[in-house]
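Given next are the chains, with one letter for each unit.
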2 protein chains.
Amino acid sequence: MNPWKRSEGDMEIRVVERILAANESQAKENRELLSSHGVFAVNLMGTPGAGKTAILEATLKVLGGRGRAAVVEGDVATTFDSERLARLGVPIVQINTDRFGGECHLEANMIESALAEVPLSSIDLLFVENIGNLICPAEFDLGQHANVIVLDIMGGTDKPLKYPLMFHVSQALLINKIDVADNASADVGTVTENAHRANPSLACFPVSAKTGEGVEAWVEWLLQSAGSGVARR
Amino acid sequence: MNPWKRSEGDMEIRVVERILAANESQAKENRELLSSHGVFAVNLMGTPGAGKTAILEATLKVLGGRGRAAVVEGDVATTFDSERLARLGVPIVQINTDRFGGECHLEANMIESALAEVPLSSIDLLFVENIGNLICPAEFDLGQHANVIVLDIMGGTDKPLKYPLMFHVSQALLINKIDVADNASADVGTVTENAHRANPSLACFPVSAKTGEGVEAWVEWLLQSAGSGVARR
């Protein structure tokens, strides 16, 4: 349920405004906490099945010794993704939103609780894998330094135009599964073009989490962004 | 934002209860209106890019003269999908939820408005294409007679376990893009098995909207369901 505004009446609008104001305030605190420890935080969003966890696996492998990472893993239910990532030896905190009524997105207060379990002093990068959803996660600041979207090239070229807010609030787009692009009716050029119509400054990276193609370019962007983030502090 | 319950306080819970109660009541009215015209309504849900619109195109082609159909097309923004379906000569009503604050799901009151523009007396089947989202659409009854999910075989096998509510409230699952299944790490058998763990009575159909494979089996299920629905009235 999108909280921005509803037509039902004033009471609902006041409630929604209160929820969003509380979230903004908590997000600001999270960002200050992360920055004070020199941690650059990425909010990874995208459709269910686009390959967010596979991208994280590929990213952690390619990153190697260039950055110490931790992961906050968001799912409605199950700990499958955490179990996959745990094999890579990074600290992981799982958030299951079925504890919060099955929320379709993460909120800043969930991240606050998770951060208490993250070893902030011994990491450089925090990846937050949001709930698979192209709509509501875009509306809730978590305290991240960058929003990154994962799209599946097989899912068609029109997503940036059909879900404009998510593209508007993000800094980078990973167009995943390019290893099967020959079989898809979609093409990377048109996805990129539509993404730039939604947000001209979006950095776009065609990648394959499966083969590793394109992952180094995204990791370089990430390290550069994290570096300039650190420089700004 | 999932409306079932939130931890913020009593006022939010009351608001959410009021929204859901109003939705249930409107959905009941919609279902009665549809049934009184002998129309069987399908609420088509699934991830963005799973191929909901392509499934509708393939379904309408295979259906032929066996049922007169109309479509209510839901999107946050754009009319791309309506334009695609209009080529097939069926009545179409577009709902853009950016009019409703960018809602991540359809609600019964949106369907009520759309039904005023649908020629109910001259159709047998109404397809409602919901917003691409595996979470919130499952929580809002629209007045449909059947909930149908579209999944992309490329999206992995774990979706029924990670998004259990949608599978719990649905009657059929279309596992799409089986034409590229050889390239995927996913397999139809495991998706079906996990879907049946979430809902043992779910009818599962592996299909390819692109090649047409499997579409006839789904259409037969649909016509049989519509027939028994009519018989129950």
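Treat the numbers as computed from the prediction; the structure is a model and nothing was measured.

Rules and cut-offs
Residues numbered from 1 in each chain as written. Chains lettered and ligands numbered in written order. Predicted model: local features only at pLDDT ≥ 70, side-chain atom pairs only at ≥ 80, totals over all residues. Heavy atoms only, no water. Helix = DSSP H or I, 4+ residues; strand = E, 2+ residues; numbered from the N terminus. Expected span 1.5 Å × (residues − 1). Buried < 20%, exposed > 50% of the residue type's maximum accessible area, 1.4 Å probe, protein only. Pairing = 2+ DSSP bridges. Axes fitted to C-alpha atoms, helices over the stretch in contact; angles between N-to-C directions. Contact = heavy atoms within 4.5 Å. Polar contact = N/O pair within 3.5 Å; in protein donor to acceptor, adjacent residues only side chain to side chain. pLDDT = per-residue confidence, 0-100. Phe/Tyr/Trp six-rings, centres within 6.5 Å; stacked < 30°, edge-to-face > 60°.

A. Representation of helix α2 (residues 52–63) of chain A in the model. All names here are of chain A. Here α2 spans 16 Å end to end across 12 residues, near enough to the 16 Å set by a 1.5 Å rise per residue. With 9 of 12 residues buried, α2 lies mostly within the body of the structure. When α2 is considered as a whole, its buried residues turn out to be Lys52, Thr53, Ile55, Leu56, Glu57, Ala58, Thr59, Leu60 and Leu63. Positioned one or two residues after α2, Gly64 has a phi angle of 55°, which is positive.

B. Looking closely at the sheet that holds strand β5 (residues 146–152) of chain A. All names here are of chain A. Sheet architecture is open: 7 strands sit in the order β3-β2-β4-β1-β5-β6-β7, paired in parallel fashion. Sheet topology places β3 (92–96) and β7 (203–206) at the edges, where each strand pairs with a single neighbour. Pairwise comparison of adjacent strand axes, ignoring direction, gives a mean angle of 20° for this sheet. Where strand β2 (residues 69–75) meets strand β4 (residues 125–129), 5 bridges bridge the pair, whose relative direction is parallel. Its bridge partner lying in β4, Glu73 is registered against Glu129. Together, β1 (40–46), β2, β4, β5 and β6 (172–176) form the strand contacts of α2, whose direction differs from that of β4 by roughly 165°. Each of β2, β3 and β4 is contacted by helix α4 (residues 108–115), which is oriented at about 145° to β3, the strand it contacts most.

C. Fine view of the side chain of B:Thr97. All names here are of chain B. Tracing the sequence through the fold places Thr97 in the loop between β3 (92–96) and α4 (108–115). A polar contact is formed between the side chain of Thr97 and the backbone oxygen of Glu103, at a distance of 2.7 Å. Not counting residues within four places of it along the chain, the set of residues in contact with Thr97 comprises Asp75, Val76, Gly102, Glu103, His105, Leu106, Met110 and Ile131.

D. Spotlight on the sheet that holds strand β7 (residues 203–206) of chain B. Residue and element names in this part refer to chain B. An order of β3-β2-β4-β1-β5-β6-β7 is seen for the 7 strands of this open sheet, with the pairing classed as parallel. Looking at the sheet topology across the chains shown, the edges are occupied by β3 and β7. This sheet shows a mean twist of 20° between the axes of neighbouring strands, independent of strand direction. Across 5 bridges, the pairing between strand β5 (residues 146–152) and strand β6 (residues 172–176) is parallel. Residue Val150 lies in a different strand from β6, and its bridge partner there is Leu174. This element, helix α2 (residues 52–63), spans β1 (40–46), β2 (69–75), β4 (125–129), β5 and β6 of the sheet and lies at about 165° to β4. Sheet strands touched by helix α7 (residues 188–198): β5, β6 and β7. Its angle to β6, the strand with the most contacts, is close to 160°.

E. Region of interest: the confidence of the model for chain A. Residues and elements named next belong to chain A. On average, chain A scores 90 in pLDDT, and the residues at 70 or more come to 90%. Below a pLDDT of 50 lies the segment residues 1–8, which in the model reaches 37 contacts outside its immediate sequence neighbourhood of four places, other chains included. The ipTM assigned to the predicted complex is 0.86, against a pTM of 0.90.

F. How the structure looks around the packing of aromatic side chains. Residue and element names in this part refer to chain A. In this structure the tally under the stated criterion is 4 aromatic pairs over all chains. With 6.0 Å between their ring centres and 25° between their planes, Trp218 and Trp221 make a pair best called stacked. Of this pair, Trp218 and Trp221 both sit in helix α8 (residues 215–232), 3 residues apart, roughly one helical turn. Accessibility classification places Trp218 together with Trp221 in one group, the buried group. Connected via pairs of aromatic rings, a cluster forms that spans Phe205, Trp218 and Trp221.

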